[in-house]
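# Examining the three-dimensional arrangement
Each chain is listed here by its residues.
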Amino acid sequence: MIAEILLVLAGHSSSIFTADHIINPAFRPLLHPGEEQCLQAVGRIAARYRGIKKACFTLTRSQSRYICALCATLNQILKDEYEGLVVETEAKLLRRDPELVARGSFVPLTAILAIFSGWESPFIALESLMEHLESQDEWRPGPLIDMLMARSKTGTSRIADILSRLSTAVQRIWRAQLAALLVHGSIAAADPLASEDYVLLEGSMPACVSPQTRESIMYVGRAIGTVKHKRWAYQIPREQAFQHAQLLDTVLPEDKYRFDSVIGQIRTNVSEWLWLHVLTRKDVEEAVVSLANYFLLRNGEFCLALIRDIEKLKVSRLTTRTGVPSMIKEQDLNLALLRASLSTTAQHDPSLLKLKFKLPSGPIRPLLPSFSKAGSKSFLSSVNSNPNEATSFDDVLLGTSLLLTYDTTWPLDLFLHPSELQVYSALFGYLSSVRKTQTRIHGCWTSLSNAQRARRRWTGLGEGGTAEDLMVRQQLLRFGWGVVRNMGWFLDTLLEYVMVDVVDLEFRGLKDSIARPAQERSESVGREGAATHHGNVAPPGHAHLDFTTLRNIHTTYLERLVAGCLLSHSSLTAILRSILEICERFVAQVERWGGDVLPALLFEGSLTDGGHDRVGALVQERFRVVSEIDKSLHELLESFYQQLTLMTSYQPFTAAGDVSRSVLINTSIGNASTLQRTFARGKGLEGEGEVRRHVEQLLLRLDFNGRFSKPNVLAEGVDECH
């Protein structure tokens, strides 16, 4: 009977147990209740073992290499440990081992159960694992590894050990696939990790692989695969490929930090090689110039023409005939890009074709500026209560979120990452908002001037009306002119600071750094190969610019642009956004009034009924509107100056962060919060002192006549106007 029990434990069938692994009723009268219980427990262990072996045999026929590897590893574990235990127990019985055989002739069933009871919990876990694997027709490597790693985190040491070994076996197969992609740029026909265009497939990566590492895997795989596919004159050296393969053999994805470090090192090495042989300095310079011209508005005539074309597009859609579609689509905006380039230096620029507008919310109806009252007190209280709330400018130009994108093709996408293009898009939204509002204010000034000239043809040197009405009309006119002058002065000062002291200065610095890298940055991977490619050969007497240094230079460039444009300080951007809104509101009111703050003398309500010497209701109404806008504007300007002063006094200019190594996930492109999450590194910005000096120069320009440093004088002047 003992031999029969060992055969059952080894996976064979026996007449002792029925088909459902219950003791045969014919044997029950021959057994003691304790023996019956022990025999039933042994039968359950044997039944689970047979079920696991049967499931392994079925899953081995799967076409998935990962499932086959798991089953092969599990069979080997069972063979080495469990089946070996059965053979060892049988050997002890044959040797009449005193631990099992009592008095050399009696073998208690409790001793057999004690030997194999340690496998009951592992078999339960493995049986559950097999049922889970059989419940799905297809298993991708990512979810499979995640499931095995999650199941291995248990307090039972034997279960944790077995499942960890199964997980390691699957990870090794996955690592081999990854090595083929990263070292040779090849994609397997069965169970591929990426598509033909080197985009990672869903479920190909376990959750322990960070988004940054996934982006690096796509980057390296696409670079190596493209170089081989195009049969480039220069190929990755075998020594470097062998080194990368060795690095991958030392880590598994479950060791997250070491795995990320190895992938990062491989990416750095590949980037350096590509910079020496594929991506030339000329390509980088052209891309930098294009981004500066169109995203940073360095091409002024094109930018101004684009703003005007978008305004014309909105007006044309609002005044369209019935039956004609009045929606604004992305195609209309892209066509406006081409129209704006006509008769400008951008007309024959090939990089203009890489620019595209995107509407995240889809086609929209055009929107006009709102006349709603944006009270400064409520706004300032909201700013103080939410100092870290992000402010976006991407909806000012069109009235809804509008993003400018740049199409980067290989090999330029090795240099420009999606996160950096998002920063460029946010900078475009900010700069275009200020430029558009400044254009609107200048147009309002022109409209007021034209109305003044037309009125003076009939009224002479005065403004017309009765004696009292003449005085109030003069005050309203001067008051309106003062509001426009203050708005235009502030926007001119801000735009001059941003475009001259920030954009132009940083752009020239970037070009100089690319053309003449500093001597302390001369260390480079593969420096000996620099002379093999004419596009990246350093000029005589200058250090070679390696790819890592180039990326760092561009990262610092974006950091300083964001810090210099004040986008890294949420309180300033919130106040600035409100200033733009109050300017838009005033311009919209003047347009509604016919291009003049004064009502015509013959308009209804401009003079009171009955001819009494009192000011007309229409003049009073307009005076109240202009007074409210003027008061809100002054409060916002004072708050802006105070926040800017506090920033230079107490806050460091640490908008710093590595754009190239930050992947902006779960955020809408162009949102200003993207900038604050991108630049979150806790160390000081390079050239912080120079940025601070530029901001101090902006403070001096804003306070050139002491208007902000002497608030009492300003308040008295406002009271006199009222």
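Residue numbers run consecutively from 1 along every chain, following the written order of its sequence. Only residues with pLDDT of at least 70 are given local features in this predicted model, and only at 80 or more are side-chain atom pairs given and counted; all residues enter the totals for whole chains, interfaces and linings. Note that the side-chain values use all heavy atoms of the structure and ignore hydrogens as well as water.

## Overview of the overall build of the protein chain
Test applied: Helix and strand assignments come from DSSP, with helices taken as H or I runs of at least 4 residues and strands as E runs of at least 2, each series counted from the N terminus. Partly exposed residues are those whose accessible area sits between 20% and 50% of the maximum for their type, while under 20% is buried and over 50% is exposed, using a 1.4 Å probe and protein chains only. Only heavy atoms matter for contacts: two residues are in contact if any of them lie within 4.5 Å across the pair. All accessible areas in this document rest on Shrake-Rupley with a 1.4 Å probe, and a residue is counted as covered only by the protein chains that are shown.
When its secondary structure is counted, the protein chain shows 22 helices and two strands. Burial status across the protein chain gives 52% buried among its 722 residues. Long-range contacts, defined as pairs at least 24 residues apart, comprise 77% of the intrachain contacts of the protein chain with a sequence gap of at least 6. Accessible surface computed for the protein chain: about 34100 Å², of which carbon and sulfur atoms make up 53%.

## Observations concerning the layout of surface pockets
Summary: where empty space remains is shown by rolling a probe the size of a single water molecule over the atoms. Basically, it comes down to this: Put plainly, a pocket is an open set of points on a 1 Å grid over the protein atoms alone with protein on both sides within 12 Å along at least five of seven lines, a cavity is a set where a 1.4 Å probe fits but cannot get out, and a lining residue has an atom within 4 Å of a point. Grid points are joined across faces, edges and corners, and a volume is the space filled by probe spheres set on the points. The nonpolar class holds Ala, Val, Leu, Ile, Met, Phe, Trp, Tyr, Cys and Pro. Asp, Glu, Lys and Arg form the charged class, and all remaining residues, Gly among them, are polar.
Its boundaries defined by the atoms lining it, the second largest pocket holds a volume of some 440 Å³. The wall of the second largest pocket is formed by 18 residues, among which Tyr406, Asp407, Thr408, Pro418 and Leu421 lie closest to the centre. Elements supplying a minimum of two residues to the lining of the second largest pocket: α8 (211-229), β1 (355-358), β2 (403-406) and α15 (418-459). For the lining of the second largest pocket, the leading source of residues is α15, giving four residues. Taken together, the residues that form the lining of the second largest pocket break down as seven nonpolar, four polar and seven charged.

## Considerations on the packing of aromatic side chains
Ring pairs (aromatic) are described by centroid distance and by the angle formed between their planes. Convention followed: A pair of aromatic rings is counted whenever rings of Phe, Tyr or Trp (Trp by its six-membered ring) have centres within 6.5 Å, and the orientation is called stacked for planes under 30 degrees apart, edge-to-face for over 60 and tilted otherwise.
In total, this model carries 16 aromatic pairs according to the counting rule given. Aromatic pair Tyr49 and Tyr82: ring centres 4.5 Å apart, planes at 40°, arrangement tilted. Taken as a pair, Tyr49 in helix α2 (residues 33-59) and Tyr82 in helix α3 (residues 65-94) lie far apart in primary sequence, 33 residues in all. Classification of Tyr49 by relative accessible area gives buried; the value is 2%. Ring plane angle 70° and centroid distance 4.9 Å describe the contact between Tyr82 and Phe123, whose orientation is recorded as edge-to-face.

## Observations regarding empty space enclosed by the protein
Counting across every chain of the model gives six cavities of 30 Å³ or more. Looking at the second largest cavity, the residues that line it are Gln177, Ala180, Leu181, Ser186, Ile187, Ala188, Pro192, Leu193 and Ala194.

## Some details on the state of the cysteines
Joining two cysteines, a disulfide is a covalent bond between their sulfur atoms. Heads up, the rule is: When two cysteine sulfur atoms are found within 2.5 Å, that pair is recorded as a disulfide.
Enumeration according to the criterion identifies zero disulfides in this entry. Among the cysteines around Cys68, which has no disulfide bond, Cys71 carries the closest sulfur, lying 6.7 Å off. A relative accessible area of 23% means that Cys68 is categorised as partly exposed. Between Cys583, a cysteine without a disulfide, and Cys444, which holds the nearest cysteine sulfur, the sulfur-to-sulfur distance is 9.9 Å. According to the relative accessible area criterion, Cys583 is buried, its value standing at 1%.

## What to know about the environment of Thr549
Looking at where Thr549 falls in the secondary structure, it is placed in helix α17 (residues 547-564). For Thr549 and Ser513, which are 36 residues apart along the polypeptide, the C-alpha to C-alpha distance reads 9.9 Å.

## Focus on the confidence of the model for the protein chain
Inclusion rule: Per-residue confidence from the prediction method is given by pLDDT, with values spanning 0 to 100.
Confidence in the prediction of the protein chain, expressed as mean pLDDT, is 78, and 78% of residues score 70 or more. Between residues 518-535, whose pLDDT stays under 50, and residues either more than four places distant or in other chains, the model counts 33 contacts.

## Here's the deal with the environment of Leu193
As for its placement among the helices and strands, Leu193 is situated in the loop between α7 (157-184) and α8. We classify Leu193 as buried; its relative accessible area is 5%.

## Points about the pairing of β1
How we decide: What makes two strands pair is DSSP finding at least two bridges between them.
Where burial is concerned, the two faces of β1 differ: the one with Leu355 and Phe357 is buried and the one with Lys356 and Lys358 is not. Two elements, β1 and β2, share four bridges in a ladder whose sense is antiparallel. By the bridge assignment for β2, Lys356 is matched with Thr405.

## Here's the deal with unusual backbone geometry
Positive phi values are uncommon outside glycine, yet Leu297 reaches one of about 60°. You can see Leu297 is positioned in the loop between α11 (281-294) and α12 (300-318). If you check the backbone angles, Ser343 has positive phi at about 65° while not being a glycine. Looking at Ser343, the relative accessible area reads 70%, which means it is exposed.

## Focus: α12
Formally: For a helix, the expected span equals 1.5 Å multiplied by the residue count minus one.
When the terminal C-alpha atoms of α12 are compared, their 27 Å separation across 19 residues agrees well with the 27 Å that a helix rising 1.5 Å per residue should span. Taken together, the buried positions of α12 are Phe302, Cys303, Leu304, Leu306, Ile307, Asp309, Ile310, Glu311, Leu313 and Lys314.

## Section: a nonpolar patch on the surface
Convention followed: Surface patches are defined over residues having more than 30% relative accessible area and no salt bridge, joining like charges when they lie within 9 Å and nonpolar side chains (Val, Leu, Ile, Met, Phe, Trp, Tyr) when within 5 Å. Salt-bridge detection follows one rule: a side-chain nitrogen of Lys or Arg within 4 Å of a carboxyl oxygen of Asp or Glu.
Taken together, the side chains of Leu335, Leu338 and Leu353 define a hydrophobic patch exposed on the protein surface, amounting to about 300 Å² of accessible area. Locating Leu335 in the fold gives a position in helix α13 (residues 330-341).

## Considering the pattern of salt bridges
Within the structure shown, the criterion is met by 19 salt bridges. Note that Glu581 is salt-bridged to Arg577, the shortest N-O span being 3.1 Å. With Glu581 and Arg577 both in helix α18 (residues 570-592) and four residues apart, this pair spans about one turn of that helix. Look at Glu581 and you get partly exposed, because its relative accessible area is 37%. A single salt-bridge network, built from bridges that share partners, covers Glu311, Lys314, Lys436, Arg440, Glu584 and Glu591.

## Things to note about the packing of α7 against helix α9 (residues 238-249)
Test applied: Simply put, an axis is a line fit to the C-alpha atoms, just over the touching stretch for a helix, and the angle between two N-to-C directions goes from 0 to 180 degrees. Each angle is binned into one of four classes, with values under 35 degrees roughly parallel, values over 145 roughly antiparallel, values of 65 to 115 roughly perpendicular, and all other values oblique. Left-handed describes a crossing whose near helix is turned anticlockwise from the far helix by less than a right angle; the clockwise case is right-handed.
Contact geometry for α7 and α9: axes closest at 10 Å, N-to-C directions at 155°. As far as their axial angle goes, α9 and α7 are roughly antiparallel. Between α7 and α9 lies a crossing of right-handed hand. Facing Arg175, Leu178, Ala179, Leu182 and Val183 of α7, the residues of α9 in contact are Ala241, His244, Ala245, Leu248 and Asp249. Looking at the contact of α7 with α9, its residues break down into seven nonpolar, one polar and two charged.

## Some thoughts on the environment of Asp197
Applicable threshold: Between N or O atoms, a polar contact is any pair within 3.5 Å; within protein, one atom must be a potential hydrogen donor and the other a potential acceptor, and residues adjacent in sequence are included only when both atoms are from side chains.
Residue position: Asp197 is located in the loop between α7 and α8. Here the alpha-carbon distance between Asp197 and Met218, two residues 21 residues apart in the chain, equals 9.5 Å. One polar contact links Asp197 to Ser195, side chain to side chain, over a distance of 2.3 Å.

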